[in-house]
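# Close look at the chain arrangement
Residues per chain, in single letters:
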Amino acid sequence: MVAIPARWGGKAMNEALVKFAQLFVTGLVTGSVYALVALGFVLIYKATSIINFAQGEFVLVGAYVCLWVVAEVGVPFIPAFILTMGASVILGLAVERLVLRPMIGEPIISVIMVTIGLAALLKAMVTIFWGTQIKVFPPIFSQQPIYIGRVIVSEVYMWTFFFALFFLGVFAAFFKYSRIGIAMRAVASDQMTAQSMGIPVKVVFAISWCIAAMVSGVGGILIGNINGINITLADFGLKVFPAVIFGGLDSILGAVIGGLTIGVLENVMGGYLDQFFGGGVKEVAPFVVLIVVLMIKPYGLFGIKEIERV
C-alpha cells in the first residue's frame, strides 16, 4: 500500500474539490450567458453570412435600457425586462432596415466594416446618454447565499443560469417547431431555393437581427445584475466570439456548447493560473482555446466544412 502524503489527503483534498466546484459553477453561469449572446452571432451568420461585430454593443444597449427603465422611470424589473425586449426588437429592426438592407449585394467585407462602424456609433450613443461610470441595478434578488454542499452560490447567479437556460430552450423550440423558425432554417440552408419556394428572405433577415438583438439584450441584463454595467460591457461581444468559433460559426448547438465550455475554461484557468502569471489569465484563456481549436478543427467542433470546386 502506498502512503498518501498528508497534504493530498483529507482536508486538503476536500478544499481542492470545493475550490474546483466553486470555479466550475461560476464559469457555468457565465458560460450560459456567453451561449445566449453567441446564439445571436450564429443566427445572423446563418441567415446572412455576416459576422456582426456590433453584437457586444447590442448587449450594452440592452443592459442600459433596462437599468434606465428600472432606476430612472421606476418600472418594476419584470415589466422593465419586457419593455427592454421590445426596445431590442426595434433596435434590431432599425439596424437591418436602415443599415444592412442597403448593403445587400455588396462584398461581405464591406458589410462587416459597416457592423464595426455601427458598433462605434452605438457605443458613442450610450456614452452620450448614460456616461461611462459603473452603474448597478437596484437589488432585485435576495442577498442571502445558497449552499450546494460546501459550494456557495448567490441567488443572482442561480437566476441568471436558469434565465439563460430558459431562453435558450425557448429559442431552440422556436427554430425547430414554428413556421418562422423553419423558414429561417430554410434560408440558412439555401437562400435562392428558399426564395423560389415563396419564403420572404428579407423578412427572415429582419427577424434574425431582431432575435439577435433580443438575446444580446437578455445577456446584458443578466450579466449587468452580476457585475454592474459600464461602457466596457461592449467588450462582452469580443469575449463571446471565441465561443462562437469554438462551437462552429454556423451551429446553434455549437454556440450553446461553445459558450458553456469557454465560460468554464476561462474561470477555472483563471482561478488556478492567475497566481503564477500575476493575473489576466481569465481574459486571455478564451483566445488561447480559440487558437488551439482552429489549429485542430478550422470550422469549429460543429461547423460545416465548406468545399469549393474550381
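What comes next concerns the included structure. (Residues numbered from 1 in each chain as written. Predicted model: local features only at pLDDT ≥ 70, side-chain atom pairs only at ≥ 80, totals over all residues. Heavy atoms only, no water.)

### Some points on the nonpolar core
With 81 residues, the main nonpolar core has Phe 171, Phe 236 and Val 240 as its most contacted residues. The leading source of residues in this core is helix H8 (residues 201-227), at 13 residues. In contact with Phe 236, not counting residues within four places along its chain, are Val 33, Tyr 34, Val 37, Val 59 and Ile 223. (Core = buried A, V, L, I, M, F, W, Y, C linked by side-chain atoms within 4.5 Å. Buried < 20%, exposed > 50% of the residue type's maximum accessible area, 1.4 Å probe, protein only. Helix = DSSP H or I, 4+ residues; strand = E, 2+ residues; numbered from the N terminus. Contact = heavy atoms within 4.5 Å.)

### Concerning the packing of aromatic side chains
If you walk through the whole model with that rule in mind, you get 13 aromatic pairs. Both rings, one in Phe 161 and one in Phe 162, keep their centres 6.0 Å apart while their planes meet at 55 degrees; by these two values the pair is tilted. Note on Phe 162: relative accessible area 46%, which makes it partly exposed. Members of the aromatic cluster, joined through ring pairs, are Phe 77, Phe 81, Trp 159, Phe 163, Phe 166 and Phe 167. (Phe/Tyr/Trp six-rings, centres within 6.5 Å; stacked < 30°, edge-to-face > 60°.)

### Describing the side chain of Glu 266
Among the structural elements, Glu 266 can be located in helix H10 (residues 252-277). Setting aside residues up to four positions removed in sequence, Glu 266 forms contacts with Thr 30, Tyr 34, Lys 239, Lys 282, Ala 285 and Pro 286.

No statement about biological role is implied by the geometric values presented.
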